[in-house]
Structure formats: structure tokens, C-alpha cells
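# Structure at a glance
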Amino acid sequence: MSIRPSTPFRSSACVGECCLDLFESNLHTSQRFSNRASRFLDGYQKGLNGKQATWVNKRYRGHHTLPDSILKELDEKQIA
């Protein structure tokens with residue numbers, strides 16, 4: 001039994017566009033994961049626990065690394 005798509009591709013150009021879209025979306029997802037993992041690692045290296053690292057990750061989404069003043073900010077917000 002073979003499974004056929006409900007709408008066949010009309011040309012190879014369409015196949016190329018679909019593959020490119022899939023690659024770009026996977027690239028974007030991979031980059032987001034990499035940045036998030038980098039922030040977690042940086043937080044752990046600075047001595048944060050899991051709860052603190054999660055809070056910091058949400059707060060500093062656009063950064064690759066966390067600022068050095070993060071420990072002071074965590075103390076001010078009383079996040080343990």
C-alpha cells in the first residue's frame with residue numbers, strides 16, 4: 001500500500017521552495033535552542049540553580065550570555 005499526497009507537487013521548483021522553507025524553519029528552531037542552552041549554561045557557571053536560571057532565561061531572552069549584574073538582580077527580586 002502506498003501513500004500518496006492529496007495534492008501532488010506541480011514542479012521541481014515547488015519542491016525546492018518547500019525544502020527551503022523546511023530548512024529555514026529548522027535553522028531558526030536550532031538557533032533558538034542553541035541560544036537558550038547557552039544562557040542556561042552561562043547561568044549555571046555563574047552559580048544559579050534551576051529556578052533562578054529559568055527566571056533569568058525568560059528575562060534575558062535576546063541575549064547570548066547573561067549580564068554580570070544578574071546575581072544582584074536576583075537578590076533584589078528575592079528569587080531563590
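This text goes with the structure placed above it.
## A word on the overall build of the protein chain
- Scanning the protein chain for helices and strands turns up three helices and zero strands.
- Walking the protein chain from its N terminus toward its C terminus, one meets helices and strands in the order α-α-α.
- Here the contacts in the protein chain between residues at least 6 apart in sequence split such that 30% fall between residues at least 24 apart.
- Accessible surface computed for the protein chain: about 6700 Å², of which carbon and sulfur atoms make up 54%.

## A short note on helix α3 (residues 70–77)
- Taken together, the buried positions of α3 are I70, E73 and L74. Axial view of α3: buried residues confined to an arc of 100°, hence all on one face. Projecting away from the buried face of α3 at angles above 90 degrees are the exposed residues K72, D75 and E76.
- Among the residues trailing α3, Q78 stands out with phi positive, at a value near 55°.

## Section: the pattern of salt bridges
- Tallied over the entire structure, the rule returns three salt bridges.
- In this structure, E73 and R59 form a salt bridge, with 2.5 Å as the shortest nitrogen-oxygen distance. Of this pair, E73 sits in helix α3 while R59 sits in helix α2 (residues 50–59), and the two are 14 residues apart along the sequence.
- Members of the salt-bridge network, linked through shared partners, are D42, K46 and D68.

## Focus on the side chain of D42
- As for its position among the elements, D42 is in helix α1 (residues 12–45).
- Assessed through its relative accessible area of 13%, D42 is described here as buried.
- Ignoring sequence-local partners within four residues, the contact set of D42 consists of T65 and L66.

## With respect to α2
- The complete set of buried residues in α2 reads Q52, A53, V56 and N57. Along α2, the residues classed as buried sweep out an arc of 135° about the axis, all on the same side. Away from its buried face by more than 90 degrees, α2 exposes K51 and K58.
- At the N-terminal end of α2, a side-chain oxygen is found 3.2 Å from the backbone nitrogen of K51, two or three residues along, and the residue is N49.

Cut-offs used in this document
Residues numbered from 1 in each chain as written. Predicted model: local features only at pLDDT ≥ 70, side-chain atom pairs only at ≥ 80, totals over all residues. Heavy atoms only, no water. Helix = DSSP H or I, 4+ residues; strand = E, 2+ residues; numbered from the N terminus. Contact = heavy atoms within 4.5 Å. Areas by Shrake-Rupley, 256 points an atom, 1.4 Å probe, with all protein chains shown as cover. Buried < 20%, exposed > 50% of the residue type's maximum accessible area, 1.4 Å probe, protein only. Arc of directions from axis to C-beta. Salt bridge = Lys/Arg side-chain N within 4 Å of Asp/Glu carboxyl O. Polar contact = N/O pair within 3.5 Å; in protein donor to acceptor, adjacent residues only side chain to side chain.

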